[in-house]
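Commentary on secondary and tertiary structure
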Protein chains: 6
Amino acid sequence: MTTRRKLQPLDALVSPRYTQVSTYARLPHDRDLQDVDVVFIGIPFDGGTTFRSGARMGPQAVRENSRLLRPYHMFLDVSPFEVFNVVDYGDVDVIPGSFQETAHAISHTFRPILDHGIIPLICGGDHSVTLPVLKELAYIHGPLNLIHFDSHFDFWDAYWGQKYTHGTWLRRSLEEGLLRHVAQAGIRGPQFSREDLAYAASQHILVRTIKDFHHQGVTEALRPILDMMPDQEPLYVSWDIDVVDPAYAMATGTPEVGGLTSWQALECLRALVGKRLVGLDIVEVAPAYDAAGAPTSLLAANLFYEGLSVMAKNYEQGIRAYPNA
Amino acid sequence: MTTRRKLQPLDALVSPRYTQVSTYARLPHDRDLQDVDVVFIGIPFDGGTTFRSGARMGPQAVRENSRLLRPYHMFLDVSPFEVFNVVDYGDVDVIPGSFQETAHAISHTFRPILDHGIIPLICGGDHSVTLPVLKELAYIHGPLNLIHFDSHFDFWDAYWGQKYTHGTWLRRSLEEGLLRHVAQAGIRGPQFSREDLAYAASQHILVRTIKDFHHQGVTEALRPILDMMPDQEPLYVSWDIDVVDPAYAMATGTPEVGGLTSWQALECLRALVGKRLVGLDIVEVAPAYDAAGAPTSLLAANLFYEGLSVMAKNYEQGIRAYPNA
Amino acid sequence: MTTRRKLQPLDALVSPRYTQVSTYARLPHDRDLQDVDVVFIGIPFDGGTTFRSGARMGPQAVRENSRLLRPYHMFLDVSPFEVFNVVDYGDVDVIPGSFQETAHAISHTFRPILDHGIIPLICGGDHSVTLPVLKELAYIHGPLNLIHFDSHFDFWDAYWGQKYTHGTWLRRSLEEGLLRHVAQAGIRGPQFSREDLAYAASQHILVRTIKDFHHQGVTEALRPILDMMPDQEPLYVSWDIDVVDPAYAMATGTPEVGGLTSWQALECLRALVGKRLVGLDIVEVAPAYDAAGAPTSLLAANLFYEGLSVMAKNYEQGIRAYPNA
Amino acid sequence: MTTRRKLQPLDALVSPRYTQVSTYARLPHDRDLQDVDVVFIGIPFDGGTTFRSGARMGPQAVRENSRLLRPYHMFLDVSPFEVFNVVDYGDVDVIPGSFQETAHAISHTFRPILDHGIIPLICGGDHSVTLPVLKELAYIHGPLNLIHFDSHFDFWDAYWGQKYTHGTWLRRSLEEGLLRHVAQAGIRGPQFSREDLAYAASQHILVRTIKDFHHQGVTEALRPILDMMPDQEPLYVSWDIDVVDPAYAMATGTPEVGGLTSWQALECLRALVGKRLVGLDIVEVAPAYDAAGAPTSLLAANLFYEGLSVMAKNYEQGIRAYPNA
Amino acid sequence: MTTRRKLQPLDALVSPRYTQVSTYARLPHDRDLQDVDVVFIGIPFDGGTTFRSGARMGPQAVRENSRLLRPYHMFLDVSPFEVFNVVDYGDVDVIPGSFQETAHAISHTFRPILDHGIIPLICGGDHSVTLPVLKELAYIHGPLNLIHFDSHFDFWDAYWGQKYTHGTWLRRSLEEGLLRHVAQAGIRGPQFSREDLAYAASQHILVRTIKDFHHQGVTEALRPILDMMPDQEPLYVSWDIDVVDPAYAMATGTPEVGGLTSWQALECLRALVGKRLVGLDIVEVAPAYDAAGAPTSLLAANLFYEGLSVMAKNYEQGIRAYPNA
Amino acid sequence: MTTRRKLQPLDALVSPRYTQVSTYARLPHDRDLQDVDVVFIGIPFDGGTTFRSGARMGPQAVRENSRLLRPYHMFLDVSPFEVFNVVDYGDVDVIPGSFQETAHAISHTFRPILDHGIIPLICGGDHSVTLPVLKELAYIHGPLNLIHFDSHFDFWDAYWGQKYTHGTWLRRSLEEGLLRHVAQAGIRGPQFSREDLAYAASQHILVRTIKDFHHQGVTEALRPILDMMPDQEPLYVSWDIDVVDPAYAMATGTPEVGGLTSWQALECLRALVGKRLVGLDIVEVAPAYDAAGAPTSLLAANLFYEGLSVMAKNYEQGIRAYPNA
């Protein structure tokens, strides 16, 4: 009879936090999926960007700035690395310049991960990578509920005839039937036209703008979204870092002023305790635009930790991402 | 019979947002005033600064960081470029090192613009440029109401014998009879002495400090100001970017901690719907002090858009900047 | 009969604020303790850091970014440089690489300062320097009440066998009997384990997390702390700049997202009016990680000013730091 | 009878150099090709990059940093804007994410420019854009001689199956018969294998490595190249900014240490006086990686000026880019 | 009988180099001119700039980056602080926005310094400050020889009618009869017109361009200049930091590519051993444009040290700046 | 019979160079020493710094910026990863704050590496780490020849009583009898006193200053050093990154102007072909002071590659680091 492997972050009392090769949360970099519950995986593709490029450099920057993550989440009262075996899987071998071939690579990489019943924490890259990820997850779980944190709608039909970009992935996902209930949170900034709102309505997308967050607070702003999505249905969260204000997260491709604070962002994820979270992506971190000390990557690293802790709390409470896990 | 020209931003579905020569909001750079309703105009003068110089580089940085502005304002439900023909007029040909000659250049440049009944969006430069602008506007509209967003009072008499600086323009404006009701919003930071407050009182200036904003919220903090100023009277807004907190707007000459957030700043301008706004300046953006990605210039670009959208909304509601326009 | 010296900041109407050798608040750099009430003193030691080093560069950066501090605090209605003679004492001659010898140097430097009944404003350096400072102050005042603003507990027993680091100073202080009532404010971020909280409880440390501040506001969050500490007992405040959010204060060794805003930080200090404040340190400013324009150092410079103003206000109200002063 | 238009940079004695909308060398932004001799044109495409992306932001940064270019070249004794009418044409409307469609756009944009007998100064974008440019030029001039300044060979067959990238354009150009004599200058850094050199030899490419430049000086290093290329044959120069050392030009996608100094770079272009230069591109400027003050873009702006001055000098000496011009 | 004061830099074996209030070379900040031989003095005025402003921040940045200067110059074999008593005098109380009043302040400040037979090391500020300094020195020494290191000629008549700017000081100095032999070294970059060279010739200015330095080396490039100026005549050196290449000194107002390396710059000053050097200025350091770590200010601090060491070496060899000193 | 493992960098044609967890040159991160010939190993200790701290962040920054290293060195005509199995061993588990305990950790970590006959490439950390490394190597090889590239002598006796710092390691090494022939190259900058040179002479240290390099060229400057050291004797190279000019390598603790160019630095290492190189360290990279794009770390990564290629070339020519390897 074999023993389950125990996978843990490097011990900071042995190796100081700034030492050793950098992996997410100083977790093992390992592609052996045996006994693994959660993977951190990068998809460093930025061929879908329409303004500033550079999100391809996101995953390694997030890793480098995740060195301070310690094992116990005091507000959720959970120790995620005790609950789950988590590894840093490395990155998908993307094909710069080709969305289609990158999508195949994503599919090829995710299939075995999901087949092992592993929850992915996905680090972009630009937002176009969410579409192939959703496809793989929906293949396993069926149509997903989606909470999409972003300052932009991302449901345009095409840019310059291009159907697969960081601004069209949501429409493609809807067209491909990958989604059930869809909500968008944090929307703001100038839009193309009033028709943008009409499209959301036509698709029964629940839109909570940034105004809802600033006027009502996180809890009230999210309530209709949480109410709309039954706890036991598979939920995917796609988090564009630009939903956060540039003061906290400048390093992104299409920044919009007036966004969430870092605390609001953390609370948004924390509010998902009790939901069957089957995956989380954080995308559009473009480190070349970060201030000294890399505040945006630091925040993204913490948002992953927040999501992971929610998943761990859920697990302790009997909620399983995979139905028969 | 001639047709009215239709002036529009570059179409992002033809030219991606990061392409082509940079003008404000990717609007036409044009000095033909025919059919123009609003101009964006730079006054890159920083000879009035008393601490960090560099605001002369403001206008071009704001232009460069205005590329993401799209045509529809969803919170105000208005499409400003549909309502108005807007152009980027370029900059006043300032005379570095001479306030007096720069003031003449401003006068010379503004006269025909105002004669055409055009509303100016004025990008500094340091705050000293507001005085000659006010002079031109008051020549057209009579004494103006002024809402002055700033962390500083700017009504000192002189610095080192210099009467025309970014800290004295307001006193000069008062002395020259250019203003009717004056309010200051966002004041904070250490002051020279208790007499500063006394001067404000003696001039019937309504001061709402930053504490009012943080404790009461934007709506309540602004209420006495809005109440004081009849809707139909011409209102000028002078916005020193340092009213915003350095976390959001570090790139300025005399930063003060504890300021407005970006969302509060947007709401301050949005609150002006219904007022007869005849001009708006945003000054003291000193781009050399900006973080990577230029968050301060990005914010300034959006604040102009916010002001423009308020003007457009007003226009839709029958409020005209020029009485017989 | 001699006259008391009058020590004042450089007059900005003689020497513009950006000119002349940089001292804290442009105060005299003076080691003559006669007639001095408050000193600004740097302790540029960073040998106790466990992540990013660089806090040794803090004091000079804070000095350089204190040039805008003017003499009158409008919210507290006090002119601190009228109330107190304040000087910039310069730095302790630390011994890089040796905490023990640096501790001796601190002791050696502080003894005469405290013997003159002077209140110290202490600029780190990393947090390890607080221990020897507390030792000197407790020698004069007896056990101190401590409000510790920080995102971290700092009461671990040792790192890699090292007992004197920026994460252990509080436990050492408790063990050495230097403290009476202890409260921690702003705690957040991932912790090592649930036992961290147990240790706090076992030591009767009152912990107010960042959640208390974001959910209740500064006043309510601080109330239990203020209630716990009698006004007439000597109070020391130790402020780790990382209690503030990285958007406002990125330049620090172990940043944690989700922290205080700059305004909340100012209000935290302002709330101490009425308490017998005998010293204040601000530590862990690591300027190499600051954004352009040095926002973190600017904030730290203002926080010292806030603390100084509270002390001055107290003095006006009859509260003396030294019992027989 | 019509007069030839006289197109000139903005007069710095009217509009200070830091004022007004930014175009290359403050030249008119104009798409009327009448009477135009040279165009500056941007191709902001970076879909062909294999390491750091961001070259799409190159053209506007080069424009912004070309404001200091004055009219007289003292070392060549020529006033290029007197010799030629030069305009800033703006950018090609590239299609981010699609090389093929961008290539069509390039073709579509260049055809009328070349039909007017205008010499293009082409600002990348990544190096993949050179292929379609060469195609258009060869269509007009026949097979071109090429001097390729770069630290990399750029003649690999494919990356991840992609045939059109910034590392394959030269092989494609050779395969498509666009080139006659080819020389590479400045090659350095680690290579994939010894076979790289063999390929160069097999294609009769004359390779002058960086070692030749550092050991022999610019004149001697370039002599074999200049000897190989008859003066009257059309010559195209393709300049990857990474041929310059990162100390001078860090802002590029694949930097290699040990490169040219800025002075050597200027001398390389200056050495081309007497050659029939039909076009010049400078590519791979990725401004997000530039130091404060934008030294890389500043250098690129000057290199264009150097090339333009060489063309002007040639013109004065009777050398025409277009045979019957 | 009184003893001569002995003024020395702070001892780095007592106070580590990164500690204590920052003065030039950690020298005493002192305005007592008794026994002083050389002063470092800042003139933080940038009202004469025609492109990027910000040189007003130069002096304090140079001080801060002079902390590594140790007492012995090994290449000149001299210990300047043994030879001379040197102090940091602080800054002239300039009047921002007024060249004329600043010129009076310079005069007022320099008169007693020169009356004490003290040699000034002058840190700009922009280049306009050299004119009033020359006036004071010529008042003492009679017409001066001048070596002007710069990439620009600085002898234009006026900008926008302004006669006193950083580009006109040299013509004013010539007109006012302050200069005898004048040489310019390092000239490069695009010029306004061929007439610029004619003006130099008409004034008998010896121009050595950057090409002379790169082609002949420092020694040969300077030889004609040194030959032209008799050793015993008073020599002033005015050094615009932009004579150095932007790779080494980006932080300046009007950078020009292709300049001196740092080693060449050091050698230029070192070549002046044997000349009666009566003053040295280094101007146009604009720290906001410096890269991390402040390389430009570091270089400027070293260039002052180089000049000071030359003066000390001269003194040891019997050459006196003041004839009867 | 087992086969020798074949360890190779990640294939860039499978995983683009910017993808996957970052190790030196994208080599395997592996602590299995079987079949390993060379290790890259970090020693992230900066407790020995006397000015700017931060070198502890060096190793990971060098790894991150080594992604562009390809397999073939064209100037040496060698493929180092074909010759050697190289791995990234990770970092020594240093003890921040304690040199002595860190020295033990270094000893403990290096012993098995050297016992396996593996050549170390050592990435600092500050220069104090070289002493324990030399001790381990001398234990294996006997007294070593040392070429010390640096701008500083590093042979002072103590700082503030501290015997083990980045400025004293060389004297300690000499005292402990670890060294045979010692040479220093690139020395420059102000020194403490003339006695510094006397100490070098007394220890028979051959000093080649930076002047030798700039005046004679790399080959001639190094000739006396190479002549002094018999080829078959074990040679260690210790490279302080500050020997390179700040224009190329600003990110270091005690930068000195006037240093080597990047090309000169490469040539210095390349000149060692034929010498029995038993180890190479590159120290004092302090990434927080690097410009955008990380030029200093990029250079350091390339210098390691240069050293490795020399070792590989030597191996091909029959020179073995370990006598019986």
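Cut-offs used in this document
- Residues numbered from 1 in each chain as written.
- Chains lettered and ligands numbered in written order.
- Predicted model: local features only at pLDDT ≥ 70, side-chain atom pairs only at ≥ 80, totals over all residues.
- Helix = DSSP H or I, 4+ residues; strand = E, 2+ residues; numbered from the N terminus.
- Rg over C-alpha atoms; globule rule 2.2 N^0.38 Å.
- Buried ≥ 20, exposed ≤ 12 C-beta atoms within 10 Å, placed from the backbone.
- Contact = placed C-beta atoms within 7 Å.
- Nonpolar A, V, L, I, M, F, W, Y, C, P; charged D, E, K, R; others polar.
- Axes fitted to C-alpha atoms, helices over the stretch in contact; angles between N-to-C directions.
- Left-handed = near helix turned anticlockwise from the far one by under 90°.
- Pairing = 2+ DSSP bridges.
- pLDDT = per-residue confidence, 0-100.
- Least-squares fit on C-alpha atoms with pLDDT ≥ 70 in both.
- Right-handed = clockwise from strand over helix to strand, strands pointing away.

All right, on to the overall build of chain A then. The helix and strand inventory of chain A stands at nine helices and eight strands. Against the compact-globule benchmark of 20 Å for 325 residues, chain A has a radius of gyration of 18 Å, which places it among compact chains. Structurally, chain A occupies a C-alpha span of about 60 × 40 × 40 Å along its principal axes. Burial status across chain A gives 68% buried among its 325 residues. Relative to all contacts within chain A whose residues are 6 or more apart in sequence, the contacts with residues 24 or more apart total 78%.

The next subject is the interface of chain E and chain B. Facing 20 residues of chain E, the contacting portion of chain B comprises 20 residues. Grouping the constituent residues of the side of chain E that touches chain B by class yields seven nonpolar, ten polar and three charged.

Helix-helix packing: each pair is described by the crossing angle between the helix axes and the interaxial distance. Residue and element names in this part refer to chain F. The interhelical angle for the contact between helix H3 (residues 99-115) and helix H4 (residues 130-141), taken along N-to-C directions, is 35 degrees, at an axis separation of 9 Å. Helix-helix and strand crossings are classified by hand; for H3 and H4 the assignment is right-handed. Here Ala-103, Ile-106, Ser-107, Phe-110, Arg-111 and Leu-114 of H3 come into contact with H4, specifically with Pro-132, Val-133, Glu-136, Leu-137 and Ile-140. Here the residues of the contact of H3 with H4 are counted per class, giving eight nonpolar, one polar and two charged.

Here the focus is the pairing of strand S2 (residues 86-91) of chain D. If a strand is regular, its side chains alternate between the two faces of the sheet. Residues and elements named next belong to chain D. In terms of burial, S2 is a largely internal element, six of the six residues being buried. The sheet contact formed by strand S1 (residues 38-43) and S2 spans five bridges and is parallel. Looking at the pairing, Phe-40 lines up with Asp-88 of S2.

Moving on: the interface of chain C and chain A. Listed per partner, the contact involves 25 residues of chain C and 25 residues of chain A. The residue makeup of the side of chain C that touches chain A, split by class, is 14 nonpolar, six polar and five charged.

This next bit is on the confidence of the model for chain A. Residues at a pLDDT of 70 or more form 99% of chain A, whose mean pLDDT is 97. For this predicted complex, the interface confidence reaches an ipTM of 0.96, while the overall pTM sits at 0.98.

Further remarks concern the relation of the copies chain E and chain B. Note that the two copies of the chain are related through a rotation about an axis and a translation along the same axis. Mapping chain E onto chain B calls for a screw motion: a turn of 180 degrees about the axis and a shift of 0.0 Å along it, with 0.0 Å RMSD after fitting. In the structure described here, the two chain copies are related by an operation that fits a two-fold rotation axis. A symmetric contact is evident, with 100% of the interface residues of chain E recurring at the interface of chain B.

Bringing the environment of Gln-232 of chain E into the picture now. Here Gln-232 of chain E lies in the loop between helix H7 (210-228) and strand S7 (235-240). Distance from Gln-232 of chain E to Phe-110 of chain E, taken between C-alpha atoms, is 23 Å for residues 122 residues apart in sequence.

Our focus in this paragraph is helix H6 (residues 195-202) of chain D. For the α-helix, the turn length of 3.6 residues means that residues three or four positions removed from each other point alike. Among the eight residues in H6 of chain D, zero count as buried, and that is only a small part of the element. Downstream of H6 of chain D by one or two residues, His-204 of chain D has phi in the positive range, about 55 degrees.

Let us look at the pairing of strand S4 (residues 144-149) of chain B. Residue and element names in this part refer to chain B. Counted residue by residue, S4 has six buried out of six residues, so it is predominantly covered. In S4, alternate side chains face the same way, and those of Leu-144, Leu-146 and His-148 on one face and Asn-145, Ile-147 and Phe-149 on the other are all buried. Handedness of the β-α-β unit built from S4, helix H5 (residues 169-175) and strand S5 (residues 179-187) comes out right-handed.

Turning our eyes to something else, we now look at the sheet that holds strand S6 (residues 206-209) of chain E. Residues and elements named next belong to chain E. Reading across the sheet, the eight strands line up as S2-S1-S3-S8-S7-S4-S5-S6 and stay open at both edges, with parallel pairing between neighbours. Of all the strands in the sheet, just strand S2 (86-91) and S6 have a single pairing partner and so form its edges. The average undirected angle you get between the axes of adjacent strands in this sheet is 15 degrees. Its contacts with the sheet put H7 on strand S4 (144-149), strand S5 (179-187) and S6, and the angle it makes with S6 is roughly 160 degrees.

Looking now at the relation of the copies chain C and chain A. Of the transformation placing chain C onto chain A, the axial shift is 0.0 Å and the rotation is 120 degrees, giving an RMSD of 0.0 Å. Here the transformation between the copies is reduced to the relation of a three-fold axis.

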